[in-house]
Amino acid sequence: MVTIDQNLKAVFLDRDGTLNRAILRGGLPFSAKNVDEVELLPGVTTAVDMFKEMNYMPIIITNQPDVARGFITQRASEEINYLIQEKLKINHSYICFHDDSDNCICRKPKAGLIIQASKELNIDLSRSIMVGDRWKDIMAGQAAGCTSYYIDKEYKEQKPQQPFTVVESLLHAAQIVWNKHVI
């Protein structure tokens, strides 16, 4: 009897700085405060389409601590997320609205949201990818057992610890995976 592996593979995508332009202040990235500030980064639509063509399910995994800090409402944050999902035709996203001091399991660098997605959507984490522009994204991907791609934007913050592949953009990551996929 032959069994078919039903587990899917995913590309977990950080939101701000990976999919849409982050707002830089003092060398650190911040999220948009409303939908009018959302600007998809160049090549993002192509990259998401490439991952879909390679049978990776795109899933947004994002920290949005400005909600806990009172800088934005949860509704406004969700509207931004929804807009990005609609533009990129991404069906699934997982958001942590907590701040660091909440010590929750869902906030990156912890892998809680990735693990939750893997359980709910039957994702094989060992075949999956995490792409992000901050050390917390990469550490979450590593903790979940994913291959990680780091978009190094030279933020004034700590760097992730190896292993990861440095890329220039989400499109660059998609091209690397594509080249491995077609060989």
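Counting restarts for each chain, with residues numbered from 1 along the sequence as it is written. In keeping with the model being predicted, local features are shown solely for residues with a pLDDT of at least 70 and side-chain atom pairs are shown and tallied solely at 80 or more, while totals for entire chains, interfaces and linings include all residues. No hydrogens and no water enter the side-chain calculation; it runs on all heavy atoms of the structure.

Visitor: It is not clear to me how the packing of aromatic side chains should be interpreted in this structure. Could you clarify?
Guide: Centre-to-centre distance and the angle between the planes together describe a pair of aromatic rings. Here a Phe, Tyr or Trp ring, Trp counted by its six-membered ring, pairs with any other such ring whose centre lies within 6.5 Å, and the pair is stacked when the planes are under 30 degrees apart, edge-to-face when over 60, and tilted otherwise. On inspection of all chains with the given rule, the structure shows 2 aromatic pairs. For the pair Phe-51 and Tyr-56, a centre-to-centre distance of 5.8 Å together with 85 degrees between the ring planes defines the contact as edge-to-face. Judged by its relative accessible area of 1%, Phe-51 falls in the buried class. Relative accessible area decides the class of each residue, using a 1.4 Å probe on protein chains only: under 20% of the type maximum gives buried, over 50% gives exposed, and in between gives partly exposed. Residue class for Tyr-56 comes out buried when judged on its relative accessible area of 11%. Relative to Phe-164, the ring of Tyr-150 has its centre 5.4 Å away and its plane inclined at 80 degrees; by these criteria the two rings are edge-to-face. In this pair, Tyr-150 is assigned in strand β7 (residues 147-151) and Phe-164 in the loop between β7 and β8 (165-167), connecting sequence segments 14 residues apart. Phe-164 carries the same exposure label as Tyr-150, and that label is buried. In this structure, Lys-9 is placed above the aromatic ring of Tyr-56, and the distance from its NZ or CZ to the ring centre is 4.4 Å. Numbering of helices and strands runs from the N terminus; a helix is a DSSP stretch of H or I covering at least four residues, while a strand is a stretch of E covering at least two. The rule for a charge over a ring is simple: NZ of Lys or CZ of Arg within 6 Å of the ring centre, and within 35 degrees of the ring normal.

Visitor: Help me out: how do you make sense of the pairing of strand β1 (residues 9-13) in this one?
Guide: Regular strands show a simple pattern: their side chains alternate between the two faces of the sheet. Across the 5 residues that make up β1, a large majority, 5, are buried. Residue alternation in β1 divides its side chains into two sets, Lys-9, Val-11 and Leu-13 and Ala-10 and Phe-12, and both sets are buried. Bridge analysis of β1 against strand β4 (residues 56-63) gives 5 bridges, and the strand direction is parallel. By the bridge assignment for β4, Lys-9 is matched with Tyr-56. A pair of strands is considered paired only if DSSP assigns at least 2 bridges between the two. One ladder, built from 3 bridges, connects β1 with strand β6 (residues 129-132); its direction is parallel. Across the sheet, Phe-12 pairs through a bridge with Met-130, a residue of β6.

Visitor: So what exactly am I meant to see when it comes to the pattern of salt bridges here?
Guide: What counts as a salt bridge is simple: a side-chain nitrogen of Lys or Arg found within 4 Å of a carboxyl oxygen of Asp or Glu. Taken as a whole and judged by the stated rule, the model has 13 salt bridges. Across the salt bridge formed by Arg-69 and Asp-66, the nearest N and O atoms sit 3.7 Å from each other. Salt bridges sharing common partners tie together Lys-33, Asp-66, Arg-69 and Asp-99.

Visitor: What is the right way to look at the nonpolar core in this model?
Guide: Side chains that are nonpolar tend, in soluble globular proteins, to be buried together. The nonpolar core is taken to be a set of buried Ala, Val, Leu, Ile, Met, Phe, Trp, Tyr and Cys residues, with the residues joined through side-chain atoms within 4.5 Å. Core analysis: the biggest nonpolar cluster contains 31 residues, and Leu-13, Leu-19, Phe-51, Ile-129, Val-131 and Leu-170 have the highest contact counts within it. Taken together, the elements giving at least two residues each to this core come down to β1, α1 (44-53), β4, α2 (74-88), β6, β7 and α5 (170-182). Counting residues per element, this core draws most heavily on α1, which supplies 5 residues. Leaving out residues up to four positions away in the same chain, Phe-51 has contacts with Val-11, Tyr-56, Ile-129, Leu-170, Ala-173, Ala-174 and Val-177. Formed by 20 residues, the second largest nonpolar core is a distinct cluster that contains Ile-59, Leu-113, Ala-117 and Leu-121. Contacts between residues were defined by any pair of non-hydrogen atoms, one from each residue, lying within 4.5 Å.

Visitor: Hey, could you run me through α1 in this one?
Guide: Two residues of an α-helix separated by three or four positions point the same way, owing to the 3.6 residues in each turn. Among the residues making up α1, those that are buried are Val-44, Ala-47, Val-48, Met-50 and Phe-51. In an axial view of α1, the angular spread of the buried residues amounts to 160 degrees, which keeps them on one side of the axis. Read the arc as the range of directions from the helix axis to the C-beta atoms.

Remember that the coordinates give geometry; whether it matters functionally is a separate question.
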